[in-house]
Protein chains: 2
Amino acid sequence: MIKIDKENTEEKILNAAKKVFVTKGSDGARMQEIADEAGINKSLLHYYYRSKEKLFAAVFKFAFKKFAPNLMGIFENESDIFTKITSFIHSYIDIINKNPFIPLFIINEVSKKNAGFVGAVIKNSGMNIDLFEKEIKKEIKKGTIKQVDHRQLIVNILALCVFPFIGRPIIQKVVFEDNENQYDDFLKSRKEEVSNLIINSITLTEGSDK
Amino acid sequence: MIKIDKENTEEKILNAAKKVFVTKGSDGARMQEIADEAGINKSLLHYYYRSKEKLFAAVFKFAFKKFAPNLMGIFENESDIFTKITSFIHSYIDIINKNPFIPLFIINEVSKKNAGFVGAVIKNSGMNIDLFEKEIKKEIKKGTIKQVDHRQLIVNILALCVFPFIGRPIIQKVVFEDNENQYDDFLKSRKEEVSNLIINSITLTEGSDK
DNA sequence: GTCTATAAATTGATAGAC
DNA sequence: GTCTATCAATTTATAGAC
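An account of the accompanying structure is given in this report. From a predicted model like this one, the values you see are computed outputs, not experimental measurements.

## What about the overall build of chain A?
Working step 1: In terms of helices and strands, chain A carries 12 helices and 0 strands.
Working step 2: Counting only C-alpha atoms, chain A reaches 70 × 40 × 40 Å along its principal axes.
Working step 3: The burial tally for chain A puts 46% of its 210 residues in the buried class.
Working step 4: In chain A, of all internal contacts separated by at least 6 residues, the share reaching a separation of at least 24 is 66%.
Working step 5: When the accessible surface of chain A is summed, it comes to about 11,200 Å², and 50% of that surface belongs to carbon and sulfur atoms.
Working step 6: A distance of 7 Å separates the average location of the 32 positive side-chain charges in chain A from that of its 28 negative side-chain charges.

Here it is in structure tokens:
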């Protein structure tokens, strides 16, 4: 009995649901569309996942975990703080590049938070900034970097990485005359742009210890 | 016949629709909820605005105009480039502060763009970056600022201004232990934080003309 | 496990009285 | 102009055959 890569029905449903929920949102998604996308009968959605809400919960958990994990782990290795932050930015943009619609999806669903499980998912995701905070404060004390607020810093990093993706449709129209290829090139250059900007913002100024 | 500030039915409907559409989105909004919010009968929504889509179009136009206009006008006055950019950032954050849910609303609705009028609204909004581009290139030539890409610059500014608002629910949870007051304080300090970061990024480095 | 048929609830829209 | 009553379409969910 060899295990083929052919996905079973439950997996087919979950994958189809990811696609539809993430692009259409919990309100805009239709069970029929998910069934069509999975190539199966609509009743099977309810057979495997009792309700639309339950199916959505499974998708949300998956999506959130994709953006929570391991990233802060970068701050556990032995390299210097500048390398760590640069690595973080590069990795994070890579992840978003591979899943460009997930950030907006998460923001929207957390915003409406009409389901109780959302808060729980965030807590259980292991996403926290303790390690980041500790690291920044340590380097400030050592005099390696400027005296920055670690919360401002992490929000700056996230903003610069995420916004070009979630704001793409409108930025592309207004700033790039709706040229897709040009915008793809722009996105490619963001890793360097964001790294330089952030590193520059924490680097000590000549003749200043503040 | 004195005109009282009491709004007529049409205005009541539009104001209620703004509130509901902006917070719930075009998919999540319900005509009944808009009617309740306006304190009138549901039929009247159709009497004044033929359909849900037409009513939504009115709301979207209003919302988009609120974020498009006059801001680029700052670049027409006579102050130096650093003052202009700082003014832009301060004004923009002020506007978002007064309408914190509109940016996410616009991003979402432009993203789904299932209505043709969205593209038209953007075009007719007068929002364009020509003036900004011209100004930045002029200052680079003059040697007042670094040789930056004006498109990277405007995206950086928008990202740093907008993201803390649209990402608030999740950032507040993860970074601020869900403390609302602390997050309000954080937002207040963003004007200075963003201004410093951006100005720092375009300021010429000592002993470098690049 | 998977399908067809259908129930049950929601919701945008209209008709018609006042 | 504003209301009540109702339609028509959509959509989630279930029952039951195979």
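## Considering the packing of helix 10 (residues 168–176) of chain A against helix 11 (residues 180–188) of chain A
Residues and elements named next belong to chain A.
Working step 1: Taken N-terminus to C-terminus, the directions of helix 10 and helix 11 make an angle of 110°; their axes are 10 Å apart at the nearest point. Comparing their axes, helix 11 and helix 10 come out roughly perpendicular. Counting all contacts with helix 10, which are made through Arg-168, Ile-171, Gln-172 and Phe-176, the residues of helix 11 involved are Glu-180, Gln-182, Tyr-183, Asp-184, Phe-186 and Leu-187.

## Overview of the packing of aromatic side chains
What characterises a pair of aromatic rings is the spacing of the ring centres plus the angle enclosed by the ring planes.
Working step 1: In this structure the tally under the stated criterion is 30 aromatic pairs over all chains.
Working step 2: Here the aromatic rings of Phe21(A) and Phe56(A) are separated by 5.2 Å at their centres, their planes lie at 70°, and the arrangement is edge-to-face. With Phe21(A) in helix 1 (residues 9–28) and Phe56(A) in helix 4 (residues 52–67), this pair connects stretches of sequence that are 35 residues apart. Phe56(A) shares its class with Phe21(A); the two are buried.
Working step 3: Plain terms: the ring middles of Phe67(B) and Tyr92(B) are 6.3 Å apart, the flat faces sit at 90° to each other, and that makes the pair edge-to-face. Taken together, the residues span a long stretch of sequence, with Phe67(B) in helix 4 (residues 52–67) and Tyr92(B) in helix 5 (residues 81–98) at a distance of 25 residues. The exposure classification of Phe67(B) matches that of Tyr92(B), with both residues buried.
Working step 4: An aromatic cluster of three or more residues is present, and its members are Phe21(A), Phe56(A), Phe60(A), Phe64(A), Phe105(A) and Phe117(A).
Working step 5: The lysine or arginine in question, Lys18(A), covers the ring of Phe62(A), its NZ or CZ lying 3.5 Å from the ring centre.

## Remarks on the protein's contact with DNA strand C
Working step 1: Taken together, 14 residues are adjacent to DNA strand C, and Asn41(A), Ser43(A), Tyr48(A), Arg30(B) and Lys52(B) come closest.
Working step 2: Close to the protein, within 4 Å, the atoms of DNA strand C are drawn from sugar and phosphate at a rate of 63%.
Working step 3: Within the side chain of Thr9(A), one N or O atom sits 2.9 Å away from a phosphate oxygen of DNA strand C.
Working step 4: Take His46(B): an N or O atom from its side chain is 3.2 Å from a phosphate oxygen of DNA strand C.
Working step 5: When residues of the surface near DNA strand C are traced back to their parent elements, those giving at least two are helix 3 (42–48) of chain A together with helix 3 (42–48) of chain B.
Working step 6: When residues of the surface near DNA strand C are assigned to their parent elements, the largest contribution, 4 residues, is made by helix 3 of chain A.
Working step 7: Residue composition of the surface near DNA strand C, by class: 5 nonpolar, 6 polar and 3 charged.

## Digging into helix 1 (residues 9–28) of chain B
Working step 1: Over its 20 residues, helix 1 of chain B extends only 23 Å from the first C-alpha to the last, a length that falls short of the 28 Å expected when each residue adds 1.5 Å.
Working step 2: Where helix 1 of chain B bends most, the angle comes to about 75°, and this point is Val22(B).
Working step 3: The inward-facing, buried residues of helix 1 of chain B contact helix 1 of chain A together with helix 2 (31–38), helix 3, helix 4 and helix 6 (102–112) of chain B.

## Side note on the relation of the copies chain B and chain A
Look at the two chain copies: a rotation about an axis and a shift along it is all it takes to match them.
Working step 1: Structural alignment of chain B on chain A gives an RMSD of 0.1 Å, achieved by rotating through 180° and translating 0.0 Å along the axis. Here the copies are linked by what is in effect a two-fold axis.
Working step 2: Both copies share a contact surface, since 100% of the interface residues of chain B are interface residues in chain A too.

## Some remarks on helix 11 (residues 180–188) of chain B
Residues and elements named next belong to chain B.
Working step 1: Tyr-183, Phe-186 and Leu-187 are the residues of helix 11 that are buried. Considered in projection along helix 11, the buried side chains sweep an arc of 100° and stay on one side of the axis. Those residues of helix 11 that are exposed and aimed more than 90 degrees away from the buried face are Asn-181 and Lys-188.
Working step 2: Two or three places before Asn-181, at the start of helix 11, stands the capping residue Asn-179, its side-chain oxygen 3.1 Å from that residue's backbone nitrogen.

## Some details on the protein's contact with DNA strand D
Working step 1: In the vicinity of DNA strand D lie 14 residues, with Arg30(A), Lys42(A), Asn41(B), Ser43(B) and Tyr48(B) positioned nearest.
Working step 2: By atom count, sugar and phosphate contribute 64% of the portion of DNA strand D lying within 4 Å of the protein.
Working step 3: The contact in question runs from a phosphate oxygen of DNA strand D to an N or O atom on the side chain of Arg30(A), over 2.7 Å.
Working step 4: Contact between DNA strand D and Lys52(A): a phosphate oxygen at 2.8 Å from a main-chain N or O atom of the residue.

Rules and cut-offs
- Residues numbered from 1 in each chain as written.
- Chains lettered and ligands numbered in written order.
- Predicted model: local features only at pLDDT ≥ 70, side-chain atom pairs only at ≥ 80, totals over all residues.
- Heavy atoms only, no water.
- Helix = DSSP H or I, 4+ residues; strand = E, 2+ residues; numbered from the N terminus.
- Buried < 20%, exposed > 50% of the residue type's maximum accessible area, 1.4 Å probe, protein only.
- Contact = heavy atoms within 4.5 Å.
- Areas by Shrake-Rupley, 256 points an atom, 1.4 Å probe, with all protein chains shown as cover.
- Lys, Arg positive; Asp, Glu negative; His and termini not counted.
- Charge placed at Lys NZ, Arg CZ, Asp CG, Glu CD.
- Axes fitted to C-alpha atoms, helices over the stretch in contact; angles between N-to-C directions.
- Parallel < 35°, antiparallel > 145°, perpendicular 65-115°, else oblique.
- Phe/Tyr/Trp six-rings, centres within 6.5 Å; stacked < 30°, edge-to-face > 60°.
- Lys NZ or Arg CZ within 6 Å of the ring centre and 35° of its normal.
- Near = heavy atom within 4 Å.
- Polar contact = N/O pair within 3.5 Å; in protein donor to acceptor, adjacent residues only side chain to side chain.
- Nonpolar A, V, L, I, M, F, W, Y, C, P; charged D, E, K, R; others polar.
- Expected span 1.5 Å × (residues − 1).
- Bend = angle between axes of the 7 residues up to and from the residue.
- Least-squares fit on C-alpha atoms with pLDDT ≥ 70 in both.
- Arc of directions from axis to C-beta.

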